[in-house]
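Chains, contacts and geometry: an overview
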Amino acid sequence: MNVDGWIVLAQIVNFLLLVWLLKRFLYEPVRKVIAEREARLLEERKSAAAREAAARAEEEKYRQLAAGLEAERRRILDEAVAEAERERQRLLEEATQRVAAAREEMFERLRSERAELAAEIRRGIVREASLAAGRILREVSGESIDEAVIDRAARELARVPPPGLGEEAL
């Protein structure tokens, strides 16, 4: 095979021309598109990182807000529980005072009724004793002696408390 210098030179020129054309019309535009795409992806990554940081900051802000609201809710609940306990204590004390007053009133009424009953029993005993003494004295003697005996018996009986109605009965 014959190698012609002109053909080799023409092949080299063609090859260099082809390389130059490929570089100018194919390689440079592709490299430019790739560089633009890389720049756009880099920008999108930066933007995504910034959005993620903003989202994390917002999330932390909402966590702190939720924690603050929870603390406020607990504080209000604790205050309500304390207020309810104070009100319960106040009502309990008030009820205790009412019960004590009612008890004292009941004891006072019982004392009064006991005194009235004792007086009534004394009067009944004196009456019955005087009637009995009067009958006995009338049978034995005259009218003037029975009045003196009745008066004396009434005085004696007034000093004696009725049986079972002493202070210990309450």
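Attention in this report is confined to the structure presented alongside it. (Residues numbered from 1 in each chain as written. Predicted model: local features only at pLDDT ≥ 70, side-chain atom pairs only at ≥ 80, totals over all residues. Heavy atoms only, no water.)

**A short note on the overall build of the protein chain**
Counting its regular elements, the protein chain contains two helices and zero strands. A burial count over the protein chain gives 6% of its 170 residues as buried. Surface exposure of the protein chain reaches about 14,700 Å², of which carbon and sulfur atoms provide 62%. (Helix = DSSP H or I, 4+ residues; strand = E, 2+ residues; numbered from the N terminus. Buried < 20%, exposed > 50% of the residue type's maximum accessible area, 1.4 Å probe, protein only. Areas by Shrake-Rupley, 256 points an atom, 1.4 Å probe, with all protein chains shown as cover.)

**Section: the pattern of salt bridges**
In the structure shown here, the tally under the stated rule is 18 salt bridges. Where Lys61 meets Glu58, a salt bridge forms, and the shortest distance between an N and an O atom there is 3.5 Å. Linking Lys61 with Glu58, this pair stays in helix α1 (residues 5–140), spanning three residues, or about one helical turn. One salt bridge connects Arg111 with Glu108, and the closest N-O pair in it is separated by 3.2 Å. Of this pair, Arg111 and Glu108 are both found in helix α1, three residues apart, which corresponds to roughly one turn of the helix. (Salt bridge = Lys/Arg side-chain N within 4 Å of Asp/Glu carboxyl O.)

**Here's the deal with the environment of Arg127**
Locating Arg127 in the fold gives a position in helix α1. Separated by 23 residues in sequence, Arg127 and Ile150 place their C-alpha atoms 8.7 Å apart.

**Focus on the environment of Glu120**
Mapping Glu120 onto the fold places it in helix α1. Judged by relative accessible area, Glu120 falls into the partly exposed class, the value being 39%. Of the polar contacts made by the side chain of Glu120, one reaches the side chain of Arg123; its length is 2.8 Å. (Polar contact = N/O pair within 3.5 Å; in protein donor to acceptor, adjacent residues only side chain to side chain.)

That is the geometry; function is a separate question.
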